[in-house]
Amino acid sequence: MKKIFKGFALAINMLTIFPFFKIHDFYKGINGYSVMFYPLVGFIIGLFLALFYNLLINYFPPLHVSLIILALWALFTGALHLDGLSDSIDGFFVPKERALEVMKDPNVGAMGMTFTVLFILLKGSALLHVSTLFQLPLILMLARYNTVLAIYFYPYLSKNGMGALAKEEFTAKQLLFSSLIILIFVSLTPDGWILLLASLLSLGVIQYFFIKRYGGFSGDMYGFTIEMSELILLHAMIFGIAL
């Protein structure tokens, strides 16, 4: 039980800026549990965002509220996944032999910055055109569940660091726990099954590209996976509303 709690605390510390717990070390035996809780951490972030949206929408114009939610979204996650997105994009524009080296560079390249700005604009526009954000907790859960699946099923490119420890320690039982949590929330959310299908399809496309180009995933690519999955699911909501 102690390892489970420490795993949850590590997941909170890894994926958010919430100061609930103070576990920053990758103790042996807790990294798999940490990955197991990624979708639940997504739910917590999404719940906060949905609550802020419902509090603000009656007092501010929709555009302004969407931008506030977008800013809070980046704030709550410490812009961690956006950093992975921009680094991954920088890697697209160099030969694949140099891509991992470029991704590790702390300086954001011109392409990474340009396309990340465009990505943020698309995400903000999507938020503006979604009439309600009650499905946001599920969207953030599914995006992080894609990373859970990527960690379990696909190779990790480095033999060191948290990603390597997470893959080594993450077990089938822990994957089953995450999957059961996802299935419960999908079943309870309107259009949940459609969002799950869209999420899995997005992972299929993303993993095909990364496996073909690099042979696996890195930490930055996990961030890219989360961000792109969120954007695709927001557009899936818009498409559902249009129908």
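Model, not experiment: these values are computed from the prediction.

**Some remarks on the packing of helix H5 (residues 80-92) against helix H6 (residues 96-104)**
Logical step 1: Direction vectors running N to C along H5 and H6 enclose 150 degrees, while the axes themselves pass 8 Å from each other. By the angle between their directions, the pair H5 and H6 is classed as roughly antiparallel. The two elements H5 and H6 meet at a crossing, and its hand is right-handed. The residues of H6 that touch H5, namely those facing Asp-87, Ser-88, Asp-90 and Gly-91, are Ala-99, Val-102 and Met-103.
Logical step 2: Residues of the contact of H5 with H6, tallied by class, amount to three nonpolar, two polar and two charged.

**Thoughts on the nonpolar core**
Logical step 1: Core analysis: the largest hydrophobic core is formed by 67 residues, its most contacted members being Tyr-38, Leu-49, Ile-69, Leu-136, Ile-139 and Leu-142.
Logical step 2: If you tally residues by element for this core, the top one is helix H8 (residues 136-153), at 11 residues.
Logical step 3: If we ignore the near neighbours within four places in the chain, the residues touching Ile-139 are Leu-195, Glu-230, Leu-233, Leu-234 and Met-237.

**Comments concerning the environment of Met-237**
Logical step 1: Of note, Met-237 is situated in helix H12 (residues 219-242).
Logical step 2: Given the relative accessible area of 6%, Met-237 is considered buried.
Logical step 3: Residues Met-237 and Leu-127 lie 110 residues apart in sequence; the distance between their C-alpha atoms is 9.8 Å.

Criteria and thresholds
- Residues numbered from 1 in each chain as written.
- Predicted model: local features only at pLDDT ≥ 70, side-chain atom pairs only at ≥ 80, totals over all residues.
- Heavy atoms only, no water.
- Axes fitted to C-alpha atoms, helices over the stretch in contact; angles between N-to-C directions.
- Helix = DSSP H or I, 4+ residues; strand = E, 2+ residues; numbered from the N terminus.
- Parallel < 35°, antiparallel > 145°, perpendicular 65-115°, else oblique.
- Left-handed = near helix turned anticlockwise from the far one by under 90°.
- Contact = heavy atoms within 4.5 Å.
- Nonpolar A, V, L, I, M, F, W, Y, C, P; charged D, E, K, R; others polar.
- Core = buried A, V, L, I, M, F, W, Y, C linked by side-chain atoms within 4.5 Å.
- Buried < 20%, exposed > 50% of the residue type's maximum accessible area, 1.4 Å probe, protein only.

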